[in-house]
Amino acid sequence: MRSFRSRGLPRAALWVGAGLVLLATPNARAADSEVERLRKELGQTQQELSDTKQKLDDLGQRVDSLQNAPPAPATAAPMETTAQPGPATARLAPVNVDNPAISFVVDTAFAHDARNSWGSIGYPNGADFALKTGELFISAPIDPFLRGYAAINGTSEEGFDIEEAALITTALPWNFTVKGGRFHADVGRLPHWHDEALPFSDRPPSIDRLIGGESGSEGVEVSWLAPIEHYIELTGGVYDTIGAERLGDLNDNGFFGRRDFSELTVLGHPHTYFDLTDTLNLELGGTWFGVPQNSQRNVYGADVTLRHQPGTSGVYQGFVLGSEWYWNRERFTERDTTGLVIDRTRLNRQGGYGYFEAFFDRRFSGGARFDYSESPDGVPDLARTGSVFLTWMPSEFQRLRLQFDNTWGDQPTNQRYTIQWTAFLGSHSHGFAQR
Amino acid sequence: MASLSASLRFVLVAISFTLLGGQPAYAKLRVVAALPDVADITRQIGGDRISVETIAEGTQDPHKVPVKPSFVTKLNRADALVVQGLGLEHAFIPALLEAARNDRIMPGAVAYIDASLYVKPLEVPSSQNRTQGELHPLGNPHFNLDPEQGKLMARAIAEGLERVDPAGAANYRDGLARFTALLDRKIAEWQKLAAPLRGLKVVSYHQDLIYLANRYGMQLVGTIEVKPGIPATPGHLEELLSTMQREKVKVIIREIAYDPGLARSLAERTGARVAEISSLAGGLGSKGYIDSIEADLRALVAAAQGTSAG
């Protein structure tokens, strides 16, 4: 029985299998046909894709070959379109030689002083809006050997004035540069900066009092860059006087004209720089200026600036730690009502500031400053000022700053609150000197 | 007396050596390159005949390179200056040149070598208006990210070196041929490598990817910056978020010089991946221009495929 069954089962299976095959054959034929159709479609699509890729490659090669084509001959008019190969050595922005770079700065502020004190350093009582600076700045090369610039400045208090109008040589040998005209003499670091470039809403009181505002001057200045790897720059100059307010005083007193050579102001300013690490650097400077006749005036100064300037995504972060100190030794002549000299007093006064500014990101920075100042003449009128400031820059060309100053010393303590709003119209840059 | 004379000679030699900067009389052509891409290409073309110093580092934003006095002394003593051009170095080169007192390397002078000379600029603004942000008047200057433009940069640099140092013409032509051949081989490889980028919709931090996107078929949907050089505002980011969701943007490209926070925050809110690339050579630890392009492409492909860059 077992053998029968074992023989009978395969036979039945064969019959069933044959039946299934017969039943399945039309479906299998249909599937083969579908596979064949899909294969053909795939082949056609692959061919189309290959043709398209070939076309893309051909187009790419044509674009590349056009881009690699030789430049247009020099006789072509290269300035007409930026899409053509440029002039012989450089692709430069089209500039009309008759039109210098022009910019205008609007530097406006609202300030409130709590107490009627420290008027001597510009702290009046109450609140006011002020145009701190409206500066028209013009600069251009004059010829291959000279460039020039002018800063015409207006404020709420003083009206319009030519703050600077100077000529600078560009091609003297031996790394010399000569500057002449009316300009900010190369004193320390911040004294020669324009108001709108300062990291604070005001000029530090010590600079204001001892130097006389910015280091405005009329004269001639020679600077020399040492032709070595290490940065050393030496500046020397001769001027009518140094200090914008001092210059005004001189002019008011009829000193437009001639004076003895020994009554001119002479300056020397060595300046150097060290890369301490890739991101940390140090600048050091020393300044002396004075009037030789009878040692009428001698000002000694020192400045130090430490900067942390990181790379990569922290490029907008970092900090600046800066300080300057000045010693002013000056002889003051006092006269009686008839004009007779009754006294010559030599006064030694000093002052300076130190500040820290941290750059949090691309928009925000903030810091603190301490300033110590004495009046250069009369009683010392000692003032100490502690300040904090926060700056917000919506873009590179606009800035909003809040500053709080607390001033104490020989006069009643005063608090000042300032909101400063500054904007730059056009191509405004004071370049390397006010970096 | 003899020892005094010897001491005097020693002092004079020391002073002379210092004033000459310690350089031998047969010094190589001293080239300063503004940015690392042109520095590397210049090195490869010039070989041993030149020495190249670079001002900016690959990790930096070329629009925000600090103006350091140590760069002034490099430029003061340079025989040639190589810039990428189209105004990319506007934040630091003009100020440095003003202080460098070297009229041989002033714009337009023989030794001012502009690598953009043969590049066809894209995104040339039709009007010069700051409501459009910090525009480059001559066009988008980030052409170095497209390797085909690299060949044009190399050509302008080689011609510039030859102009400054005609005696080395054969050397520079050989260097150019070698570099171009190498770059051609890599371009063929990169065409395959970058295939997944075709049609990829991306958002970048800064408007600096047009040349790269055109080369490899990426679609630029927006930037994290409001306009070139104008930092993002909350309103702009909300708008960008909606655009990314509507356009189904899968990759945010952060150029490493820029803040990672905003890119990450956008990625978290949209589910997109962040690809970190460097718009300058050396930024991702790469050794030079060619390595840098490859590193950028690998980072982009990895982000497109949701894998890590290898």
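The structure presented is a predicted model; accordingly, all values stated were derived computationally and were not measured.

Draft legend 1. Structural detail: the overall build of chain B. What chain B contains, in helices and strands, is 10 helices and eight strands. Along the first, second and third principal axes, the C-alpha set of chain B runs to 90 × 40 × 40 Å. The 310 residues of chain B split such that 56% are buried. Taking the intrachain contacts of chain B between residues at least 6 apart in sequence as the baseline, contacts between residues at least 24 apart amount to 65%. For chain B, the accessible area works out to roughly 12,600 Å², and carbon and sulfur atoms hold 54% of it. Computed over 34 positive and 33 negative side-chain charges, the separation of the two mean positions in chain B equals 2 Å.

Draft legend 2. Quick look at the sheet that holds strand β5 (residues 201–204) of chain B. All names here are of chain B. With parallel pairing, the four strands of this open sheet are ordered in space as β6-β5-β7-β8. Because the sheet does not close on itself, it has two edges, and the strands there are β6 (219–223) and β8 (273–277). Geometrically, the sheet is characterised by an average inter-axis angle of 30° between neighbouring strands, direction not taken into account. As paired elements, β5 and strand β7 (residues 251–255) share three bridges and run parallel to each other.

Draft legend 3. Highlighting the interface of chain B and chain A. Listed by partner, the interface residues are 60 residues for chain B and 56 residues for chain A. Both sides of the chain B and chain A interface together cover about 4,900 Å² of buried area, and 53% of this is carbon and sulfur. Sorting the residues of chain B by area buried against chain A places B:P69, B:R101 and B:R130 first, and these three jointly supply 15% of that buried surface. Run the count over chain B and chain A and you get five salt bridges. Here A:E229 makes a salt bridge to B:R77, at a shortest N to O gap of 2.6 Å. Looking at the side of chain B that touches chain A, the elements that each hand over two or more residues are α1 (2–19), α3 (69–76), α4 (93–100), β4 (112–114) and α5 (147–164) of chain B.

Draft legend 4. Spotlight on the pattern of salt bridges. Residue and element names in this part refer to chain B. Evaluation of the coordinates by the stated rule reveals 29 salt bridges over all chains. Between R155 and E159 there is a salt bridge, with its nearest N and O atoms 3.4 Å apart. Residue R155 and its partner E159 are located together in helix α5, separated by four residues, close to a single helical turn. Assessed through its relative accessible area of 15%, R155 is described here as buried. A relative accessible area of 30% means that E159 is categorised as partly exposed. Among the ionic pairs, E238 bridges to R269, the shortest N-O distance being 3.1 Å.

Draft legend 5. Structural detail: unusual backbone geometry. Residue and element names in this part refer to chain B. The phi dihedral of R101 is positive, around 55°, even though this residue is not glycine. On the basis of relative accessibility, which here comes to 17%, the residue R101 falls in the buried class. Despite not being glycine, K248 shows a phi value in the positive range, around 55°. With respect to the element layout, K248 can be found in the loop between α8 (234–247) and β7.

Draft legend 6. View of the pairing of β7(B). All names here are of chain B. With five of five residues buried, β7 is to be regarded as a mostly interior element. Side-chain alternation along β7 places V251, I253 and E255 on one buried face and I252 and R254 on a second face that is also buried. In this sheet, β8 lies alongside β7 in parallel orientation, the contact comprising five bridges. Counted as the bridge partner of E255 is I277 from β8. As for the winding sense of the linkage, the β-α-β connection from β7 through helix α9 (residues 260–270) to β8 is right-handed.

The rules behind these values
The residue numbers shown here count from 1 along each chain, following its written sequence. Note on labels: chains are lettered from A, ligands numbered from 1, in written order. For a predicted model such as this one, the threshold for reporting local features is a pLDDT of at least 70, and the threshold for listing and counting side-chain atom pairs is 80 or more; totals across whole chains, interfaces and linings nevertheless cover every residue. Side-chain figures throughout are based on the complete set of non-hydrogen atoms in the structure, without hydrogens or water. Secondary structure follows DSSP: runs of H or I at least 4 residues long count as helices, runs of E at least 2 residues long count as strands, and numbering of each begins at the N terminus. With a 1.4 Å probe rolled over the protein chains alone, any residue whose accessible area is under 20% of its type maximum counts as buried; one over 50% counts as exposed, and the rest are partly exposed. Two residues form a contact once any of their heavy atoms are found within 4.5 Å. Only the protein chains shown count as covering a residue, and every accessible area follows the Shrake-Rupley method with a 1.4 Å probe. Positive charge is attributed to Lys and Arg, negative charge to Asp and Glu, and no charge count is given to His or to the chain ends. Charge coordinates come from a single atom per side chain, which is NZ of Lys, CZ of Arg, CG of Asp or CD of Glu. Strands qualify as paired when DSSP identifies two bridges or more between them. Lines fitted to the C-alpha atoms define the axes, with helices restricted to the stretch that makes contact. Angles between their N-to-C directions range from 0 to 180 degrees. Defined in terms of a 1.4 Å probe, buried area is the accessible area two parts forfeit on being brought together, summed over both. Any carboxyl oxygen of Asp or Glu that lies within 4 Å of a side-chain nitrogen of Lys or Arg is treated as forming a salt bridge with it. Clockwise travel from the first strand over the helix to the second, with the strands pointing away from the viewer, marks a crossover as right-handed.

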